[in-house]
Amino acid sequence: MGSMDTSELIRSVPTDLFLGGEWVPSGNRATFPVHDPATGDVLAEVADAAPEDAMRALDAAVAAGRDWAATPPRERAELLRTVWSKISERADDFALLMTLEMGKALPESRSEVAYGTEFLRWFSEEAVRIAGRYTPAPAGNGRILVTKQPVGPCLAITPWNFPLAMGTRKIAPALAAGCTMLVKPASETPLTLLLLAQIFAEAGLPAGVLSVLPTSRAGDVTGPLLEDPRLRKLTFTGSTAVGRALAEKAGRSLLRTSLELGGNAPFVVFDDADLDAAVEGAVAAKLRNGGEACTAANRFHVANSVREEFVTKLTERMASYRLGPGTDPDTTLGPLINENQKKTVIELVEDAVAGGARVRLGGETPEGPGWFYPATVLDDVPRSARILREEVFGPVAAVTGFDTEDEAIAAANDTEYGLAAYIFTRDLDRALRVSDALESGIVGVNRGVVSDVAAPFGGIKSSGVGREGGTEGIEEYLETKYIALR
Ligand SMILES: NC(=O)C1=CN([C@@H]2O[C@H](COP(=O)(O)OP(=O)(O)OC[C@H]3O[C@@H](n4cnc5c(N)ncnc54)[C@H](O)[C@@H]3O)[C@@H](O)[C@H]2O)C=CC1
Ligand SMILES: CCCCCC(=O)O
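Please read all numbers here as calculations on a predicted model, not as lab measurements.

**A look at the pattern of salt bridges**
What the rule picks out here adds up to 32 salt bridges. Close ionic contact of Asp-228 with Arg-230 constitutes a salt bridge, the shortest N to O distance being 3.0 Å. With relative accessibility at 30%, the residue Arg-230 sits in the partly exposed group. Taking the shortest distance from any N to any O, the salt bridge between Lys-461 and Glu-439 comes out at 2.6 Å. Here Lys-461 is found in the loop between β18 (442-445) and β19 (464-465), whereas its partner Glu-439 is found in the loop between α14 (428-437) and β18, with 22 residues between them in sequence. In the salt-bridge network here, residues are joined through shared partners; they are Arg-307, Glu-308, Arg-358, Arg-360, Asp-379 and Asp-380.

This is the structure:
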């Protein structure tokens, strides 16, 4: 199918609720606006799910659960593969839609379509490799048969920064495992998952297996679900603050829970690093998705002996990024998601500068509509600066120096978060030694992009619990049961 223009595309995306395979208006017939971050204008009005809609979706998921769990793994795999293929045919439409509702530059959206669809293909392959084990009882008094069964109905709450990938990274393993799923997309970016739901419907997804519930009332709609004993799993990606609140609720119901939360990744450059490679890695780790990624490098700790050369080169490279509307073919850095995000970035930069940080690039918001913020490099950032403690979620690099390896490790670990970390060095022993010492779930060694469908993505400390992707990702949707045989 040829790619559509903006208005055709927006008109082609369903804006009702996808309730167990049926397109229905919200129970209260209310809608909420979706905005274009480049202009602030309303892109579309979307059905505003109410609590009763969510409970109907759970009813449908429970009703479909047994049959879907009993569906042969090969059939579940084929359905995921079909959706992967169908999305690939509409890659341009998905990319444009994400740019329109999230703001990211089109090349970033195209990259996300490739990344997000890969989770469908990956878990179509994992679906047929779910295995238990068989053990003769050590005492010779029987046999132990370990089996894996689907957890049951799941709730996914997804963020706005990777609208497709953070949806497929949850939906694909859940359906592959034989679970049914309700998805509550971020209110900023519901259109992408509504279009995905349409693709699933076209692919012949059985009734009740998947629901997509856009809503402006996240807490009201998900709260009753988390209290319903029929729900068996929560998977959330978003801020640590919301993650903590959800974990408390899920804890009361003893729900299986996966939490992919915030990050504040250190990027450590040792004096023996290939500086050009380190600069390329830094730009990738900082500006992928415009810096609105929980894996984004935010705190750059650079050996003092090479810091000036590194900062000069980093500044030159980041200065080459073209700030503008994501749909503009020349744009490589789109707007931030909303006014609040922009205010947060401005505050963190102003706080650092007030504390003595030197602005080497950017730092000034452009006039005019939209939530634009330029690529920014701050050097000599004081240890007291908020930007070293708080997730900036924007295109701002905060640079500090160090003299010894121990100082670098201490600075890198001086954060409540523990998702991704990056180190550049030519010394393999040092790379392994420092990787071991870093408090994170992911370490990039001499590379700035670490995300891969085959890897178990996730963090420690305030970055959450659980892993998504890899062979570990499907385990989050399986329960282990053993049968003791004579
Ligand atoms: N780890 C990640 O991928 C992400 C991290 N963030 C961090 O969170 C900060 C704020 O961004 P937000 O979009 O506001 O993140 P958020 O955590 O508020 O939203 C993430 C998801 O949670 C939902 N949500 C919010 N409050 C909820 C509640 N009480 N009950 C149920 N669902 C709820 C939202 O509707 C959205 O679907 C960002 O500045 C960034 O630091 C934001 C998005 C993604
Ligand atoms: C949701 C956090 C953003 C990072 C998504 C990834 O790179 O896999």
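That shown, we press on.
**Overview of the UniProt feature "domain: Aldehyde dehydrogenase" (unreviewed entry) in the chain**
UniProt feature "domain: Aldehyde dehydrogenase" (unreviewed entry): in the numbering of this structure it lies at residues 23-483. As annotated, residues 23-483 has a helix share of 39% and a strand share of 20%, and its two end C-alpha atoms lie 41 Å apart.

**Re the site of ligand 1**
What surrounds ligand 1 is a group of 24 residues, the closest being Trp-160, Lys-184, Ser-239, Gln-341 and Glu-391. The backbone of Thr-158 places a nitrogen or oxygen atom 2.7 Å from an oxygen atom of ligand 1. In the environment of ligand 1, an oxygen atom lies 3.5 Å from a nitrogen or oxygen atom belonging to the backbone of Ala-186. Starting from 800 Å² of accessible surface for ligand 1 in isolation, the protein chains cover 80%. At the level of secondary structure, the elements contributing two or more residues to the shell around ligand 1 comprise α8 (218-227), β10 (233-237) and α9 (240-252).

**Quick word on the packing of helix α5 (residues 106-126) against helix α6 (residues 165-177)**
Helix-helix packing is characterised by the crossing angle of the two axes and by the distance between the axes. Where α5 contacts α6, the two axes come as close as 8 Å, and the packing angle between them is 5°. The orientation of α5 with respect to α6, classified from their angle, is roughly parallel. For the pair formed by α5 and α6, the contact residues are Glu-112, Tyr-115, Gly-116, Phe-119, Leu-120 and Phe-123 on the first element and Ala-165, Thr-168, Arg-169, Ala-172, Pro-173 and Ala-176 on the second. Its residues assigned to classes, the contact of α5 with α6 shows eight nonpolar, two polar and two charged.

**Some remarks on the site of ligand 2**
Lining the immediate environment of ligand 2, one finds Tyr-115, Asn-161, Phe-162, Met-166, Arg-169, Thr-237, Arg-288, Cys-294, Thr-295, Ser-451 and Phe-457. Note that an oxygen atom of ligand 2 is positioned 2.4 Å from one of the side-chain N or O atoms of Tyr-115. Between ligand 2 and Ser-451 there is a distance of 2.3 Å, counted from an oxygen atom to a side-chain nitrogen or oxygen. For ligand 2, whose accessible area on its own is 270 Å², the fraction buried by protein is 99%. Counted by class, the shell around ligand 2 contains five nonpolar, four polar and two charged residues. Taken together, domain 1 (6-261 + 463-485) and domain 2 (265-453) each give at least three residues to the shell around ligand 2, which thus spans both.

Criteria and cut-off values
Residues numbered from 1 in each chain as written. Chains lettered and ligands numbered in written order. Predicted model: local features only at pLDDT ≥ 70, side-chain atom pairs only at ≥ 80, totals over all residues. Heavy atoms only, no water. Salt bridge = Lys/Arg side-chain N within 4 Å of Asp/Glu carboxyl O. Buried < 20%, exposed > 50% of the residue type's maximum accessible area, 1.4 Å probe, protein only. Helix = DSSP H or I, 4+ residues; strand = E, 2+ residues; numbered from the N terminus. UniProt positions renumbered as here; feature names shortened; annotations may be inferred. Near = heavy atom within 4 Å. Polar contact = N/O pair within 3.5 Å; in protein donor to acceptor, adjacent residues only side chain to side chain. Areas by Shrake-Rupley, 256 points an atom, 1.4 Å probe, with all protein chains shown as cover. Axes fitted to C-alpha atoms, helices over the stretch in contact; angles between N-to-C directions. Parallel < 35°, antiparallel > 145°, perpendicular 65-115°, else oblique. Contact = heavy atoms within 4.5 Å. Nonpolar A, V, L, I, M, F, W, Y, C, P; charged D, E, K, R; others polar. Domains from an automatic or database assignment.

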